[in-house]
Amino acid sequence: MPVQVRIPTPLRRYTGGSEEVSAAGATVGSVVENLESQYTGIKERLCDDEGQVRRFVNIYVNGDDIRFLNSLDTELKDGDEVSIVPAIAGG
Amino acid sequence: MGNVTGLRCLGCGADYQQAPIYVCDECFGPLEVRYDYDAIASAVSRELIESRPRNLWRYRELLPIDGEPTIGPYSGCTPLVKADRLARELGVDELYIKDDSVNHPTFSYKDRVVSVAISKAIEFGFTTVSCASTGNLANSVSAHAARAGLDCYIFIPDNLEQGKVVGSSIYGPRTVAVRGNYDDVNRLCSEIADKYGWAFVNINLRPYYTEGAKTYGYEVVEQLGWRLPGHIVVPTAGGTILPKIAKSFDEMRTTGLVEGDTPKIYTAQAAGCAPVVRALHEESKTIVPVKPDTIAKSIAIGDPADGYDVLDVVRSSGGWGESATDEEIVDAIQQLARCEGIFTEPAGGVTLAATRKLIEQGRIAGDEPIVVSITGNGYKTLEAVTGALEEPRVIDARLRDFDNLFEGLHSNRDQEMVGAKAAAG
């Protein structure tokens, strides 16, 4: 099922410069796998060796941090928007 | 001039050239400015610093600009108040308040980081500055942008105190209130920063911005007579200032400006938003983000970007962390005002309340110099304490009315004293 994924600047070298790409998957984890099959190397930027989301990477589904949902097992439905956002400083 | 050698990732150690970039391409970790400390050590001295005007640029060799500073000629050099009355109440020997509630021009520590960030933005050629903010940063960016004649966009949560909102609007930025909390604003702004190419002081200028916080630590050392404190308690929101205070102490030792042991550094958070303190108490390697619920809105950041840096610094210094409930925050704000005549915002109440607990626990030794970091001003957040204070007594403009009032106040006090003596006896 297709979802839209917003890609931050540091990862656009993998997506040919695209800010937003389409990916398929029933969970965030499977979307990450699907992204990797389209854009080789991107998964390693998002996840550590144990397959967990890296410390400094934040992933949101429709604006909600997946750490408040079900992390990589968070389920997705058609048309959901996934954002990948680096952590930023306070204010 | 300019002693910057480049940027380095705090996560994986990858090196980068100086640029308006803020995260590591490899691991998304935050980037930190690196310097040529040998060059700095041969250029600076206590005498040189003391000979300069009283603003944060007196430490310019240790700040990440290449040319002359253009922003913040009156910022920094806030008082280090020797707090003897407060020290007596807390049962300690030597206590200081580093008082950034009177920083110029917008009454918070943010005037330091913004002076550096916008000076750097101008060096990079930006003409629009912006920020995501819980209020204090927005105030500071708005004021400094106005004086520099730069365009300015401010992004804040939609539930801020009126003083924090007006404190930006008066300088004429375009203000956008985002429905949600700071973490929501932050997420949106990181996407806007990507798209619009503005100088977001706490996003794409973050490595430079955070360096400005070091001046808080340099000043503490200089004002203590070129001496390191034994203990310093610092509030944590996004986690900018605490690691930079630690860096300031390290740099001053590296460059020969001061000698001595690394101070113990303690973090203070509101109980309703304490992800870093919780990780400390649970001896966890992971910081679990929270949804903030506290009156200390200026530090209500549930997902602190530099939280891991705070954890590392606190642990390696031998420090600790404590949190404070809303009631404890209001009580500590009043205690600081009553003892030292300093009116701080709820974040300052958090810091003092946490300090009290750390002293009671014996974690902070009472016979070593202690610094409490006050980073914001209570006049911006009147809502936080209004209900807790004595209301003015209203009388007509007649002497007899005041005589009656005074007599009533006195007899109340006399009764209280009689009662206290009876209880003591």
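To be clear, the structure that these remarks concern was listed above.
Summarised in this report is the structure supplied together with it. By convention here, each chain's residues receive numbers from 1 onward along its written sequence. Both sets of labels track the order of writing: A upward for chains, 1 upward for ligands. Per-residue local features of the predicted model are confined to residues with pLDDT of at least 70, and side-chain atom pairs are confined, for both listing and counting, to 80 or more; whole-chain, interface and lining totals are unaffected and use all residues.

Our focus in this paragraph is the overall build of chain A. A tally of helices and strands in chain A yields two helices and five strands. In chain A, the order of α-helices and β-strands from amino to carboxyl end is β-β-α-α-β-β-β. A radius of gyration in this sense is built from C-alpha atoms; the matching globule rule multiplies 2.2 Å by the number of residues raised to 0.38. For 91 residues, the compact-globule estimate of 2.2 N^0.38 gives 12 Å, and the C-alpha radius of gyration of chain A, at 12 Å, lies within 12% of that figure. Exposure classes come from backbone-placed C-beta atoms, where a residue is buried if 20 or more other C-beta atoms lie within 10 Å of its own, exposed if 12 or fewer do, and partly exposed in between. Looking at chain A as a whole, 36% of its 91 residues are labelled buried. Contact between two residues is assigned when their C-beta atoms, built from the backbone, lie within 7 Å. Pairs at least 24 apart in sequence give 52% of the contacts found in chain A among residues at least 6 apart. The helix count covers DSSP runs of H or I at least four residues long, the strand count covers runs of E at least two residues long, and both are numbered beginning at the N terminus.

Once that is clear, we can look at the sheet that holds strand β11 (residues 264–270) of chain B. All names here are of chain B. Strand pairing requires that DSSP identify at least two bridges connecting the strands. Pairing within the open sheet is mixed, and its six strands lie in the order β4-β5-β13-β10-β11-β12. Looking along the sheet, the strands with just one partner apiece sit at the ends: β4 (80–82) and β12 (321–324). Averaged over all neighbouring strand pairs, the angle between strand axes comes to 25°, with direction disregarded. Axis geometry follows a simple rule: fit a line to the C-alpha atoms, using only the stretch in contact for helices, then measure angles between N-to-C directions, giving values from 0 to 180 degrees.

Right, let's get into the interface of chain A and chain B. Interface size is often expressed as the accessible area that is lost when the parts come together. Listed as interface residues are 20 residues of chain A and, on the opposing side, 34 residues of chain B. Of all the secondary structure elements, the ones that give two or more residues to the side of chain A that touches chain B are β3 (57–61) and β5 (81–86) of chain A. If one sorts the elements of the side of chain A that touches chain B by residue count, β5(A) sits on top with three residues. Note that Gly is not counted as nonpolar here; it falls among the polar residues with everything else outside the nonpolar set of Ala, Val, Leu, Ile, Met, Phe, Trp, Tyr, Cys and Pro and the charged set of Asp, Glu, Lys and Arg. Partitioned by chemical class, the residues of the side of chain A that touches chain B number ten nonpolar, five polar and five charged.

So far we have only geometry, and geometry alone does not tell us how the molecule works.
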